[in-house]
Amino acid sequence: MSGMSRPREGRMIAGVCAGLARRFGTSATTMRVLFLASCLLPGPQFVLYLALWALMPSGERREAW
């Protein structure tokens, strides 16, 4: 998962959707809507979300000098 991280800005819950959106070049809102729509289908969406939350590193905090 190189190059993928959960940003500190724009998070709603854990930043997983925001990190995926940044990685695939789409908006965080679009990724959140896709995730919510996928929850209507059978499958392990919540388990996948929790796994990504645990595996994706948190983004670095930028210090303003």
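These numbers were taken from a predicted model, which means no experiment stands behind them.

Look at helix α1 (residues 16-24) against helix α3 (residues 45-55): their axes get within 10 Å of each other, and the N-to-C directions meet at 80°. As judged from the angle between their axes, α1 and α3 are roughly perpendicular. Contacts between α1 and α3 involve V16, C17 and L20 on the former and, on the latter, Y49, L52 and W53. Class assignment of the residues belonging to the contact of α1 with α3 gives a composition of six nonpolar, no polar and no charged.

The next subject is the packing of α1 against helix α2 (residues 28-38). The N-to-C vectors of α1 and α2 enclose an angle of 115°; their axes lie 8 Å apart at closest approach. Where α1 crosses over α2, the handedness of that crossing is right-handed. Within the contact between the two elements, α1 uses C17, A18, L20, A21 and F24 and α2 uses A28, M31, R32 and F35. The residue inventory of the contact of α1 with α2, partitioned by class, reads eight nonpolar, no polar and one charged.

How each quantity is defined
- Residues numbered from 1 in each chain as written.
- Predicted model: local features only at pLDDT ≥ 70, side-chain atom pairs only at ≥ 80, totals over all residues.
- Heavy atoms only, no water.
- Axes fitted to C-alpha atoms, helices over the stretch in contact; angles between N-to-C directions.
- Helix = DSSP H or I, 4+ residues; strand = E, 2+ residues; numbered from the N terminus.
- Parallel < 35°, antiparallel > 145°, perpendicular 65-115°, else oblique.
- Contact = heavy atoms within 4.5 Å.
- Nonpolar A, V, L, I, M, F, W, Y, C, P; charged D, E, K, R; others polar.
- Left-handed = near helix turned anticlockwise from the far one by under 90°.

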